[in-house]
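# Coordinate inspection notes
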Amino acid sequence: MAGTPVSSYSKTQIWLHWSIAALILVQFVAHDGMEHVWRALRRGQEAAAGDWPLAYLHIVLGLAVLVLAAGRLWLRATRGVPPVSGMEHPALRLVARLTHLVIYALIFIVPLSGAAAWFLQVPGAGLVHVLGKNVLLYVVLLHTAGALVQHFVLKSNVLRQMLALRQA
Ligand code: HEM
Ligand code: HEM
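Residues numbered from 1 in each chain as written. Chains lettered and ligands numbered in written order. Predicted model: local features only at pLDDT ≥ 70, side-chain atom pairs only at ≥ 80, totals over all residues. Heavy atoms only, no water.

## Details of the UniProt feature "transmembrane region" (unreviewed entry) in the protein
Per the UniProt annotation, the sites labelled "transmembrane region" (unreviewed entry) are residues 14-34, 54-75, 95-120 and 135-154. Here residues 14-34 is 90% helix and 0% strand, with 29 Å between the C-alpha atoms at its ends. The span residues 95-120 is 100% helical and 0% strand by assignment, and the distance between its end C-alpha atoms comes to 36 Å. (UniProt positions renumbered as here; feature names shortened; annotations may be inferred. Helix = DSSP H or I, 4+ residues; strand = E, 2+ residues; numbered from the N terminus.)

Below is the structure:
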């Protein structure tokens, strides 16, 4: 996950970061339709007609996360990313790197397990999906807290850079 060191994220990398974040936010806010449909199907019942559009939206947005995540990883490998910055203490740098690694893993594991449950009825995939999204939520909260501490306490450029507010 080290990537080639460059001095800043490209516009595409920044766009991908915030698009994935926005899509994941929608997935967390608007999952009721998918949950209702899934529960009904598992019980052999008919799902309410009004729940289907939200269930399909969940699938489409979730698969979009997967595609964008693949693009992001590809760019990371080919173009590179700036080194984790603003963290003087090696232990904090390690936490930041581990957090990124876990987030990268989960933006693949969560949609893939959802797809395995939905399309292939793989036993246990639904459970992996639900556990995975819980871990993703907490790791993203830690990641967000880290970014805000960087910006407001350590006064580093890391968040400005991810917001494209700095020419680097
Ligand atoms: C990053 C992408 C995704 C996120 C963040 C996400 C998030 C969620 C959330 C928050 C729930 C509600 C779980 C609960 O509390 O019970 C859920 C349920 C579900 N999602 Fe996703 N999802 C994503 C992608 C997908 C995809 C691509 C599919 C299918 C193609 C999918 C299929 C399902 C299914 C079948 C459920 C019901 C599982 C259950 O309740 O046991 N998800 N998802
Ligand atoms: C679901 C939401 C989010 C996901 C999945 C996510 C994912 C990631 C990942 C994987 C990286 C590492 C980039 C790389 O090296 O390739 C990253 C970097 C970053 N993210 Fe997020 N992020 C999310 C939300 C946020 C939020 C809400 C903020 C700010 C409040 C934020 C601020 C940053 C910053 C500043 C960096 C650069 C860190 C550095 O270079 O050391 N992220 N994000």
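Having seen it, we continue.
## Digging into the coordination of the iron atom of ligand 1
At this site the iron atom of ligand 1 is bound by His 58 (NE2) and His 129 (NE2), with donor distances of 2.0 Å. For the iron atom of ligand 1, the 6 donor atoms are set out with angles of 87 to 179° between them, so the coordination reads as octahedral. Pair noted here: His 58 is in helix α3 (residues 52-78) and His 129 is in helix α5 (residues 125-152), with a separation of 71 residues, a long-range link. Given the relative accessible area of 13%, His 58 is considered buried. (Donors = N, O, S within 2.8 Å, 3.2 Å for Na, K, Ca; no water. Tetrahedral: all angles 85-135°; square planar, octahedral: opposite > 155°, others 65-115°. Buried < 20%, exposed > 50% of the residue type's maximum accessible area, 1.4 Å probe, protein only.)

## A look at α5
When the terminal C-alpha atoms of α5 are compared, their 40 Å separation across 28 residues agrees well with the 40 Å that a helix rising 1.5 Å per residue should span. Inspection of α5 places Ala 125, His 129, Gly 132, Leu 136, Val 139, Gln 150 and His 151 among the buried residues, and these make up the whole buried set. Summarising the contacts, the buried residues of α5 are in contact with α1 (11-29), α3, α4 (90-120) and α6 (158-162). (Expected span 1.5 Å × (residues − 1). Contact = heavy atoms within 4.5 Å.)

## Examining the site of ligand 2
Lining the immediate surroundings of ligand 2 are 19 residues, of which Tyr 9, His 17, Arg 76, Tyr 104 and His 143 lie closest. Within the contact set of ligand 2, an oxygen atom lies 2.7 Å away from a side-chain nitrogen or oxygen of Tyr 9. Separating a nitrogen atom of ligand 2 from a side-chain N or O atom of His 17 is a distance of 2.8 Å. Elements with a contribution of two residues or more to the shell around ligand 2: α1, α3, α4, α5 and α6. The residue makeup of the shell around ligand 2, split by class, is 13 nonpolar, 4 polar and 2 charged. (Near = heavy atom within 4 Å. Polar contact = N/O pair within 3.5 Å; in protein donor to acceptor, adjacent residues only side chain to side chain. Nonpolar A, V, L, I, M, F, W, Y, C, P; charged D, E, K, R; others polar.)

## Looking at the coordination of the iron atom of ligand 2
At the metal site, the iron atom of ligand 2 is ligated by His 17 (NE2) and His 143 (NE2), and these contacts range over 2.0 Å. For the iron atom of ligand 2, the 6 donor atoms in the first shell make angles of 88 to 180° at the metal, so the coordination geometry reads as octahedral. Here His 17 is found in helix α1, whereas its partner His 143 is found in helix α5, with 126 residues between them in sequence.

## A look at the side chain of Ser 156
Among the structural elements, Ser 156 can be located in the loop between α5 and α6. A polar side-chain atom of Ser 156 sits 2.5 Å from a polar atom in the side chain of Gln 150.

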